[in-house]
Amino acid sequence: MRGFDLPRRLVAEGLGTLLLVATVIGSGIMAETLTKDVALALLGNTLPTGAILVVLITILGPISGAHFNPAVTLVFTVRGELRPHHAAQYIAAQVLGGMLGAMVAHAMFGLPLLEFSAKVRTGFPQWFAEFVAAFGLVATIVGGLRFREAAIPWLVGLYITAAYWFTASTSFANPAVAIARSLTNTFSGIRAPDLPGFIVAEVLGAVVAAGFMTWLLRGTETTKKAIR
């Protein structure tokens, strides 16, 4: 993020979240239009999402860090890598970008710019799935930063691609994306009343992962000191 001022970083966060949400919702609409097979539609929703994450993190990561996710921003703030007032602005940019992304997707497919989802996603299995999804995402990012920073775009894209299929919730793992998805009554939607459970689970998963990975990776520093 060196060399980029806060306004440019905020624009990068907003733009990245916009394009991410437009991809999630747009590919879901396209998939649902082309097939009535739910498994095939989910696959059509999964692959573009994983692919766009690789692209967005690669091109926008050097500008803002490519969080596109309030839970990830919270983790970096707790780690002391982002100032709290900057984090608040990051989160605002992400939420606004996500809402605009829903509107962009709807405009491309001739739907009302905003609509409220009626898709029910609630209950402990869904919440636990979101906890697991967010935990795994943050663990992937933190581990990648330690061992293979250049590979993070691919690590995150591949993780989300996998998590779409191994989590019961199809891995939202992102409060800003969850909020945006409540504004579409299409394949990828979620009812607004179901948002609190998802968001709480995502934040908890991210925070627990940050603490766990801090403990897990501390051994690498200890080992280095012992070798010296």
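Residues numbered from 1 in each chain as written. Predicted model: local features only at pLDDT ≥ 70, side-chain atom pairs only at ≥ 80, totals over all residues. Heavy atoms only, no water.

Caption draft 1: Focus on the side chain of threonine 35. Relative to the helices and strands, threonine 35 resides in the loop between helix H1 (6–34) and helix H2 (38–64). Excluding anything up to four places from it in sequence, threonine 35 contacts Leu40 and Ala41. (Helix = DSSP H or I, 4+ residues; strand = E, 2+ residues; numbered from the N terminus. Contact = heavy atoms within 4.5 Å.)

Caption draft 2: Representation of the nonpolar core within the structure. Grouped together as the largest cluster of nonpolar side chains are 34 residues, with contacts concentrated most on Leu20, Leu137, Val156 and Ile160. Sorting the residues of this core by element identifies H1, H2, helix H3 (70–78), helix H4 (84–108), helix H5 (124–147), helix H6 (152–166) and helix H7 (175–181) as the ones contributing at least two each. Other than its neighbours up to four places away in sequence, leucine 20 contacts Thr49, Ile52, Leu53, Leu56, Asn174 and Val177. Residues Ala71, Ala139, Ala206 and Ala209 belong to the second largest nonpolar core, which totals 10 residues. (Core = buried A, V, L, I, M, F, W, Y, C linked by side-chain atoms within 4.5 Å. Buried < 20%, exposed > 50% of the residue type's maximum accessible area, 1.4 Å probe, protein only.)

Caption draft 3: Quick peek at the packing of H2 against H6. Relative to each other, H2 and H6 sit at 165°, their axes nearing to 8 Å. When the interaxial angle is binned, H2 and H6 end up roughly antiparallel. As H2 packs across H6, the resulting crossing turns out to be right-handed. Here Ala39, Leu42, Leu43, Asn45, Thr46, Leu47, Thr49, Gly50, Leu53, Val54, Ile57 and Thr58 of H2 come into contact with H6, specifically with Ile152, Pro153, Trp154, Val156, Gly157, Ile160, Thr161, Tyr164 and Trp165. Residues belonging to the contact of H2 with H6 are distributed by class as follows: 14 nonpolar, 7 polar and no charged. (Axes fitted to C-alpha atoms, helices over the stretch in contact; angles between N-to-C directions. Parallel < 35°, antiparallel > 145°, perpendicular 65-115°, else oblique. Left-handed = near helix turned anticlockwise from the far one by under 90°. Nonpolar A, V, L, I, M, F, W, Y, C, P; charged D, E, K, R; others polar.)

The quantities given are spatial measurements derived from coordinates; they are silent on function.
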